[in-house]
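Survey of secondary and tertiary structure
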Amino acid sequence: MIPADGVRVRFAPSPTGYLHVGSARTALFNWLFARSTGGTMVLRIEDTDENRNRPELTQAIFEYLEWLGIGYDEGPHYQSERRERHRRAVQQLLDSGRAYLCDRDDNELPGTQMAEGRAVRFRTPAGTTVVNDVIRGEVSFDHAQLGDFVIWRFDGSPTFVLANAVDDTDMAITHAIRGEDLLSSTPRAVLVAEALGRPPPVYAHLPLLVNEQRKKLSKRRDDVSLESYRRSGFLAPAMVNYLALLGWGPRDGVEIRPLVEIVEQFRLEDVNKAPAFFDRTKLEHFNGVYIRALDPEELLAALGPHLAPDRVPWPPERYRPEVIASVAPLVQEKLRTLSDMVRQVDWLFCVDPPLDEQSWDKAVVRGRAAVAILEGSMAALAGCSWDPDTVRDAVFAVGEANGVNRSKAQAPVRVAVTGRSVGPPLFEPMVRHLSREEVLRRLRAALSKL
């Protein structure tokens with residue numbers, strides 16, 4: 001149900017670590033709900049953990065949101081700048097008897113005056129809190145399981161629950177869309193808001209993201225860093241498209257589609273509460289589709305950062321951008337990530353081709369007539385016209401003379417020249433961008449290695 005004054009949602013990350021795919025999904029679902037309802041997206045930086053906050057992590061949040069194309073309409077608000085407001089809220093709860101002072105042994109202290117070295121606990125009443133979650137339905141919490149929880153620490157800082165509840169009500173947040181891992185803290189936030197005389201937001205707890213073992217994604221075990229995926233060469237539109245499907249799906253079943261269509265179809269009530277499998281293979285498939293949709297100029301621009309000197313195995317002086325412009329259209333269909341381009345072209349820039357031992361063993365050591373094909377190719381290529389068609393026909397003729405079909409005939413030559421058994425079409429880039437002498441040198445080196 002859309003409030004009369006409109007939807008207001010917030011993305012509230014903590015700058016204690018780099019943004020991960022779970023947080024990015026949370027930001028996206030808030031943004032999708034705001035855009036699909038004509039609502040407002042608020043960015044709130046929850047930076048109250050002074051021991052772990054770092055300015056560069058805050059800046060990274062802005063950069064990742066910009067990369068993903070997730071804009072916000074209000075903010076950023078910094079929770080650390082609202083300390084006095086949080087203090088007043090705690091004092092209000094003390095004055096009303098809904099909270100009490102306590103010492104480090106959790107003993108209740110007389111009085112209502114906040115002071116250094118004293119914590120404050122919320123006085124939880126008997127009963128039950130029922131949260132009407134948009135995704136999970138009614139969820140009941142027995143107050144006996146909550147206990148009297150801390151809302152103000154001994155060091156003079158608010159706890160997450162207190163600050164969250166106060167800020168949500170002060171900022172008129174109508175819907176708190178967040179991860180399932182925060183569900184257990186929800187009844188505490190509801191109790192605090194109600195004790196302050198303010199209605200809590202409507203809650204919607206997104207499903208957990210799990211790995212292939214169906215275990216919750218872990219920063220220590222799984223590749224969850226958004227920076228890791230950006231650096232690997234995932235396009236932002238592909239990442240956004242895929243993240244949108246982690247717990248939600250369009251009613252027409254079409255998964256790969258423009259963001260504007262996702263906004264049109266998104267309904268918060270359609271989000272599934274079952275854990276969502278973060279499938280890197282499927283993400284790579286999405287990314288490949290988006291890469292194939294790039295025009296030549298867009299592709300070259302996207303590839304640029306992934307071919308920087310610190311990201312490639314060849315010396316900078318051997319790099320030739322015209323080679324990339326020539327080869328990129330030949331391998332565009334093969335790319336799953338932009339960083340895959342390095343493996344497609346490294347043999348054209350490295351002094352010696354990076355050798356894949358499995359390819360060498362299969363195509364050369366155990367390949368049928370490999371030695372005869374390499375020797376015959378050296379002889380044929382030494383004097384033939386140096387153009388792709390002639391070179392291809394010469395290699396195939398050598399294979400045919402040795403009773404080997406075309407695919408197997410070029411295999412030992414491909415491995416000798418490129419270092420791998422798979423890659424771009426062999427003959428055109430080889431002839432266009434390597435000299436005859438260099439190709440013969442590599443064939444000779446392969447025979448010597450044998």
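For the structure given in this document, a descriptive report is provided here.

How each quantity is defined
Residues numbered from 1 in each chain as written. Predicted model: local features only at pLDDT ≥ 70, side-chain atom pairs only at ≥ 80, totals over all residues. Heavy atoms only, no water. Core = buried A, V, L, I, M, F, W, Y, C linked by side-chain atoms within 4.5 Å. Buried < 20%, exposed > 50% of the residue type's maximum accessible area, 1.4 Å probe, protein only. Helix = DSSP H or I, 4+ residues; strand = E, 2+ residues; numbered from the N terminus. Contact = heavy atoms within 4.5 Å. Lys, Arg positive; Asp, Glu negative; His and termini not counted. Salt bridge = Lys/Arg side-chain N within 4 Å of Asp/Glu carboxyl O. Polar contact = N/O pair within 3.5 Å; in protein donor to acceptor, adjacent residues only side chain to side chain. Axes fitted to C-alpha atoms, helices over the stretch in contact; angles between N-to-C directions. Parallel < 35°, antiparallel > 145°, perpendicular 65-115°, else oblique. Left-handed = near helix turned anticlockwise from the far one by under 90°.

**Here's the deal with the nonpolar core**
In terms of nonpolar packing, the biggest core is built from 53 residues, with L303, M341, L381, M430 and L443 touching the most fellow members. The element contributing the most residues to this core is helix α13 (residues 341-349), with six residues. When neighbours within four sequence positions are excluded, L381 is seen to be in contact with W386, V391, A394, V395, R436, V439, L440 and L443. M41, F234, L243 and L268 belong to the second-largest nonpolar core, a separate cluster that totals 50 residues.

**Quick word on the side chain of R25**
When you line up the elements, R25 lands in helix α1 (residues 21-37). Of the side chains bearing the opposite charge, D181 lies closest to the buried R25, which forms no salt bridge; the N-O distance is 7.4 Å. At 2.6 Å, the side chain of R25 forms a polar contact with the backbone oxygen of L246. If near-sequence neighbours (up to four positions away) are discounted, R25 is found in contact with L206, P207, L209, L243 and L246.

**Describing the pattern of salt bridges**
Pairs can form between side chains of opposite charge once their charged atoms are near each other. On inspection of all chains with the given rule, the structure shows 30 salt bridges. R35 is paired through a salt bridge with D73; the nearest N and O atoms lie 3.1 Å apart. One end of the pair, R35, is in helix α1; the other, D73, is in the loop between α2 (55-68) and β3 (74-78), and 38 residues separate them in sequence. Take D73: its relative accessible area is 44%, and that puts it in the partly exposed class. Between R221 and D222 there is a salt bridge; the shortest N-O distance is 3.4 Å.

**Brief notes about the packing of helix α14 (residues 357-365) against helix α17 (residues 406-418)**
Where α14 meets α17, the closest approach of the two axes is 8 Å, and the angle between their N-to-C directions is 140°. When the axes of α14 and α17 are compared, the pair comes out oblique. Once α14 is placed against α17, the crossing between them reads as left-handed. Contacts between α14 and α17 involve S359, W360, A363 and V364 from the first element and A411, P412 and V415 from the second.

**Quick look at the side chain of N30**
By the secondary structure assignment, N30 is in helix α1. The exposure class of N30 is buried, given its relative accessible area of 0%. Side-chain polar atoms of N30 contact the backbone oxygen of I177, separated by 2.9 Å. Among residues more than four places away in sequence, those in contact with N30 are V9, R10, M41 and I177.

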